[in-house]
Amino acid sequence: MSTASRGQWSGRLGFILAAAGSAIGLGNIWRFPYMAGENGGGAFVLLYLGCVLLIGIPVLFSELAMGRKTERNAVGAFRALVPNSWWPAVGYLGIAAGFGILAFYSVVAGWTLGYLGHAFMGDFGAAMDADASGALFTGLIGDPLQAVGYTALFLLLTILIVRGGVSAGIERASKILMPALFAILLVLAIRALTLPGGMAGLEYLLVPDFSELSAGAVMAALGQALFSLSLGMGAMVTYGSYFPKEENMPQAGALVALADTSVAVLAGLIMFPALFSAGLDPAAGPGLVFVVLPTVFNSLPAGTLFAIAFYALLAIAALTSTISLLEVVVAYFVDERKWKREKAAWVLGGVCFVLAVPSALSQGGADVFTSFLFDTSFLDIQNIIWGNYALSIGALATCVFVGWKWGIPKAIEALEASGHRMAFASAWGIVVRFVLPIAIVVVLGFIVSTGRYF
Ligand code: PHE
């Protein structure tokens, strides 16, 4: 299929915004603070930053190189580079992970719509303490009708954009909204840091206490780095495949990683000061962000307007991520199975909704799913399986492929195809071939040896 008929970003900025839109989402604002809170704060943050630098960014470049060279989807890229081998299985794992992630991500994204509704009703204008905020949260996520309804609505929005195609749909949505989100986060961070007792939160976030570190925390940091950058499941292969030939890919990739990591750190700078100020427990789990933030809005001038803007932007940030999740699956069916984009978006989005229902009901809506296995909810289990394990295995396999099968020189050639040089190219090659595979195997090995998977 020619490039023109597959679609292409309108330029480097179009790619950066769309890829940053994929990367920046609930992973930064919802998942990062709660993972950090559950895994010891500052030490986790350091580990996470280390994983971004040593594992995330090298995987990002591996995926982008494959996408650019082949102009294919997650499965097709492997197939194009080594025909008649089992390597495309890595792509299939990625597609499964895309589905698996979308099926719980859309539930949490649905909560943001519920919160947007509350914001419009002015519920965040009055003083709200931790108890009142907690009650609002449990009421929303535990109500089967709202939980499933908002999930359906969110998937519907995702389908409507993905069926529009790469540039028209995906790019346009990201262009204005990402910078707006960044601005609003900045204001919130300043407010949170100046709340009474906020400095204790800053200390918790920035001063590492390594006695808190466990194998589970290292695994969580690795998973979080991959999840946050949308890696290990072919999203960046797919997005890289639409990258314009004449543009500087290494630089664009670096900017995406920088933007994503900054938003995560910024979210931490909001969440932990606010949390300590409101007297909440950092290890409160997936509800953390939803419970903490409403305690902050009323302390701002025009709190209601602020809350509306924040939840609208959070929903949009989540939307640019769900778009990329569905796009990975749709691109495969369009390229490899010759489905029409329209049909692929509706059918696959519909299947995903069915898979999402148990997660939607797992927060109090139905007891079977609330404590599904190991005393953990269905949603949490999906989050760990797909978000941590599937992405880690996917990233490991991708790097072994690029480093040992396809070859570093060819990958660098693809990254530098526009004539722009890639900085640290030889260091990158060493990391992809040696450091990264060993690191991921060691982390997974620790988990298996302790037997504590969740
Ligand atoms: N990176 C997205 C986020 O942080 C989630 C995501 C993961 C999207 C994997 C695509 C692939 O919200």
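Scroll up to find the structure this text is about.
Residues numbered from 1 in each chain as written. Predicted model: local features only at pLDDT ≥ 70, side-chain atom pairs only at ≥ 80, totals over all residues. Heavy atoms only, no water.

Asker: Before we go on, may I ask you to explain the overall build of the chain in this structure?
Answerer: Along its length, the chain carries 20 helices and zero strands. Its C-alpha atoms give the chain principal-axis dimensions of roughly 60 × 50 × 40 Å. Here the chain holds 454 residues, and the buried ones make up 60% of them. Of the contacts formed within the chain by residues at least 6 apart in sequence, a portion of 82% connects residues at least 24 apart. Accessible surface, the chain as shown: approximately 16,500 Å² in total, 68% of it carbon and sulfur. Separation of charge centres in the chain, based on 22 positive and 24 negative side chains, amounts to 17 Å. (Helix = DSSP H or I, 4+ residues; strand = E, 2+ residues; numbered from the N terminus. Buried < 20%, exposed > 50% of the residue type's maximum accessible area, 1.4 Å probe, protein only. Contact = heavy atoms within 4.5 Å. Areas by Shrake-Rupley, 256 points an atom, 1.4 Å probe, with all protein chains shown as cover. Lys, Arg positive; Asp, Glu negative; His and termini not counted. Charge placed at Lys NZ, Arg CZ, Asp CG, Glu CD.)

Asker: How do you make sense of the environment of tryptophan 406 when you look at a structure like this?
Answerer: Structurally, the position occupied by tryptophan 406 is in helix α19 (residues 378–415). Setting aside chain neighbours within four positions, we find tryptophan 406 in contact with Ala65, Met66, Lys69, Leu81, Phe401, Ala411 and Ala414.

Asker: I keep staring at helix α20 (residues 425–450) and nothing clicks. Help me out?
Answerer: Residues spaced three or four apart along an α-helix point in a common direction, a consequence of the helix completing one turn every 3.6 residues. Spanning 26 residues, α20 covers 36 Å between terminal C-alpha atoms, matching the ideal 38 Å at 1.5 Å per step. The axis of α20 is deflected most strongly, by about 45 degrees, at valine 431. Within α20 the residues assigned to the buried category are Ala425, Trp428, Gly429, Val431, Val432, Leu436, Pro437, Ile440, Val443, Leu444 and Ile447. Where the residues of α20 are buried, they touch α4 (42–70), α11 (215–228) and α19. Of the residues one or two after α20, glycine 451 is the one with positive phi, at around 70 degrees. (Expected span 1.5 Å × (residues − 1). Bend = angle between axes of the 7 residues up to and from the residue.)

Asker: Sorry if this is basic, but what is going on with the site of the ligand here?
Answerer: Residues in contact with the ligand amount to 14 residues; listed here are only the nearest, Ala23, Gly27, Tyr105, Phe227 and Ser230. Within the backbone of alanine 23, a nitrogen or oxygen atom sits 2.8 Å from an oxygen atom of the ligand. Contact distances for the ligand include 3.0 Å between a nitrogen atom and a side-chain N or O atom of serine 230. Relative to its unbound accessible surface of 330 Å², the ligand loses 100% to contact with the protein. Within the residue set of the shell around the ligand, elements represented by two or more residues are α2 (12–23), α3 (26–38), α11 and α16 (303–336). (Near = heavy atom within 4 Å. Polar contact = N/O pair within 3.5 Å; in protein donor to acceptor, adjacent residues only side chain to side chain.)

Asker: Is there a simple way to think about α11 in this case?
Answerer: In a regular helix each residue adds 1.5 Å, so 14 residues correspond to 20 Å; α11 covers 20 Å between its end C-alpha atoms and thus fits that length. Counting buried positions along α11 yields eleven of 14 residues, so the element is predominantly enclosed. Here α11 has its buried residues at Ala217, Met219, Ala220, Ala221, Leu222, Gly223, Gln224, Ala225, Leu226, Phe227 and Ser228.

Asker: It is not clear to me how the side chain of threonine 112 should be interpreted in this structure. Could you clarify?
Answerer: With respect to the helices, strands and loops of the structure, threonine 112 is situated in helix α6 (residues 88–120). Ignoring anything within four residues of it in the chain, the contact list for threonine 112 reads Leu26, Phe154, Phe290, Tyr311, Leu314 and Ala315.

Asker: Whenever I open this one, the packing of aromatic side chains confuses me. Can you help?
Answerer: We describe a pair of aromatic rings using the distance from one ring centre to the other and the angle between the two ring planes. Tallying each qualifying case throughout the model produces 27 aromatic pairs. Ring geometry for tyrosine 105 versus phenylalanine 227: centroids 6.1 Å apart, planes at 35 degrees, classification tilted. Taken together, the residues tyrosine 105 in helix α6 and phenylalanine 227 in helix α11 connect sequence positions 122 residues apart. Accessibility assignment for this pair places tyrosine 105 and phenylalanine 227 in one class, buried. On the basis of an interplanar angle of 80 degrees and a centroid distance of 5.1 Å, the ring pair of tyrosine 332 and phenylalanine 333 is categorised as edge-to-face. There is no split in this pair, since tyrosine 332 and phenylalanine 333 are both buried. A network of ring pairs unites the aromatic residues Trp111, Tyr115, Phe124, Phe137, Phe290, Phe297, Phe310 and Tyr311 as a single cluster. Directly above the aromatic system of tryptophan 339 lies the positively charged group of lysine 343, at a separation of 4.2 Å from the ring centroid. (Phe/Tyr/Trp six-rings, centres within 6.5 Å; stacked < 30°, edge-to-face > 60°. Lys NZ or Arg CZ within 6 Å of the ring centre and 35° of its normal.)

Asker: So what exactly am I meant to see when it comes to unusual backbone geometry here?
Answerer: Generally, phi is negative for residues other than glycine and the peptide bonds are trans, each holding for most cases. The phi torsion at serine 230 lies on the positive side, around 60 degrees, for a residue other than glycine. The phi dihedral of lysine 338 is positive, around 60 degrees, even though this residue is not glycine. Its location among the elements puts lysine 338 in the loop between α16 and α17 (341–360).

Asker: Mind showing me how you'd approach a nonpolar patch on the surface here?
Answerer: A contiguous nonpolar patch, built from Leu53, Leu54, Trp404, Ile430, Phe434, Val435, Ile438, Val442 and Phe446 and spanning about 890 Å² of accessible area, is present on the exposed surface. Sorting the residues of the nonpolar patch by element identifies α4 and α20 as the ones contributing at least two each. Taking the relative accessible area as the measure of exposure, tryptophan 404 reaches 46% and is therefore partly exposed. (Patch = residues over 30% accessible without salt bridge, like charges linked within 9 Å, V, L, I, M, F, W, Y side chains within 5 Å. Salt bridge = Lys/Arg side-chain N within 4 Å of Asp/Glu carboxyl O.)

Asker: So what exactly am I meant to see when it comes to the pattern of salt bridges here?
Answerer: Here the idea is simple: oppositely charged side chains can pair when their charged atoms come close. On inspection of all chains with the given rule, the structure shows six salt bridges. When the shortest N-O distance is used, the salt bridge between arginine 421 and glutamate 416 registers 3.3 Å. Taking the relative accessible area as the measure of exposure, arginine 421 reaches 69% and is therefore exposed.

Asker: Please explain the environment of methionine 233 as it appears in this structure.
Answerer: Within the element layout of this structure, methionine 233 appears in the loop between α11 and α12 (235–240). Once the C-alpha coordinates of methionine 233 and valine 108 are considered, the two residues, 125 residues apart in sequence, prove to be 20 Å apart. Sequence-distant contacts of methionine 233, defined by excluding residues within four places in its chain, comprise Glu63, Ala74, Gly94, Ile95, Ala97, Gly98, Leu325, Val328 and Leu391.

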